[in-house]
Amino acid sequence: MSQTKQTEFEGIVFFRRNYRERDMLVKILTDHFGFKMFFIRGARKRGFRLSAAILPFTQASYVGAVSEDGLSFINAVKESTQYRQILNNIELNAYVSYIFELANAAFGESKPLGAWFNQLQQAAVLIDQGIDPAIITNIIEIRLLTYFGVQPNLHDCVICHRTDRVFDFSESYGGLLCQQHWSVDPHRLQLDRRTIYFLQVFSQLNLFNIHSIKVSQATKIKLRRTLNRIYDNQVGLKLKSRRFLEEMKIWPA
Ligand SMILES: [Zn+2]
């Protein structure tokens, strides 16, 4: 028998799928246990008592039996609220699904996320409130890179360590190059000052400090292209939710 503990926790429903005739498997981002899969017996039956609390993008205080390595169970729900805009808007839904899937890939299953739970929750709050989801996504992507073992130096020139020059980004050198050292990498990304500036700011940004943010469409496209390259070439993830964003032409391109 694997260990289970009856406990109360906060969580956000991330996705769910039907299981057997009457049941569901529901993935929840939890505050204490990270990403967990829950087996919900009878979830597909009409009038199921917890049905509202296991809708996607619902946040609730759950009481359940959480297993360390096997399936977990929910027995009761105390308070629940829904991220309504996200639930009802396919684009917002696609962005948050990608953010959560990316975080799930970064942290894996059943690993407590600490302060990252609050950051991911705040990402959902901000997107639900109408803050640009493409930007929130960029911030999360940059900040998660380190969990994939990629730590671009966005602080100074990787060669001379000056901070007061015009910069470009080099994948092969793993960070910024000042104008004087552009020649070392003919494949540098040819980024402009604003894009570099946002990469630098986003890499340090706590989502609780965002109240509004405005980035031009041209810069959003460059940020998107840069992060695609870093994720494709250095992280090497193929996420379903990202393919969906691309195929639906939802994100900047
Ligand atoms: Zn330099």
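Residues numbered from 1 in each chain as written. Predicted model: local features only at pLDDT ≥ 70, side-chain atom pairs only at ≥ 80, totals over all residues. Heavy atoms only, no water.

Defined as follows: UniProt positions are given in the numbering used here, feature names are shortened, and annotations may be inferred rather than shown by experiment.
As recorded by an unreviewed UniProt entry, the chain carries the name DNA repair protein RecO and is attributed to Liquorilactobacillus ghanensis DSM 18630. In UniProt, the chain has this text filed under Function (unreviewed entry): "Involved in DNA repair and RecF pathway recombination." Looking at the Sequence similarities (unreviewed entry) heading of the UniProt record, one finds this comment for the chain: "Belongs to the RecO family."

**Focus on a nonpolar patch on the surface**
Put simply, the rule reads: A patch is a set of surface residues, each over 30% in relative accessible area and not in a salt bridge, joined within 9 Å for like charges and within 5 Å for the nonpolar side chains Val, Leu, Ile, Met, Phe, Trp and Tyr. Using a 1.4 Å probe, accessible areas were evaluated by the Shrake-Rupley method; residue-level cover was limited to the displayed protein chains. A pairing counts as a salt bridge when a side-chain nitrogen of Lys or Arg comes within 4 Å of a carboxyl oxygen of Asp or Glu. Numbered from the N terminus, helices here are DSSP runs of H or I no shorter than four residues, and strands are runs of E no shorter than two. To sort residues, take the accessible area from a 1.4 Å probe on protein chains only and compare it with the maximum for the residue type: under 20% means buried, over 50% means exposed, and anything in between is partly exposed.
Where nonpolar side chains cluster on the molecular surface, the patch consists of Ile-90, Phe-244 and Met-248 and spans about 270 Å² of accessible area. Position of Phe-244 relative to the elements: it lies in helix H7 (residues 240-247). Since its relative accessible area comes to 33%, Phe-244 is described here as partly exposed.

**What about the domain arrangement of the chain?**
Condition: An automatic or database domain assignment supplies the residue ranges for each domain. Residue contacts follow a heavy-atom distance rule, with two residues in contact if any of their heavy atoms lie within 4.5 Å. Buried area is understood as the total, over both parts, of accessible area removed when two parts are fitted together, assessed with a 1.4 Å probe.
Structurally, the chain comprises domain 1 (4-82) and domain 2 (92-247). Relative placement of domain 1 and domain 2: their C-alpha centres are 31 Å apart. Across the contact, 15 residues belong to domain 1 and 16 residues belong to domain 2. Contact with domain 2 buries area across many residues of domain 1, yet Phe-14, Phe-35 and Phe-57 alone supply 44% of it, more than any other trio.

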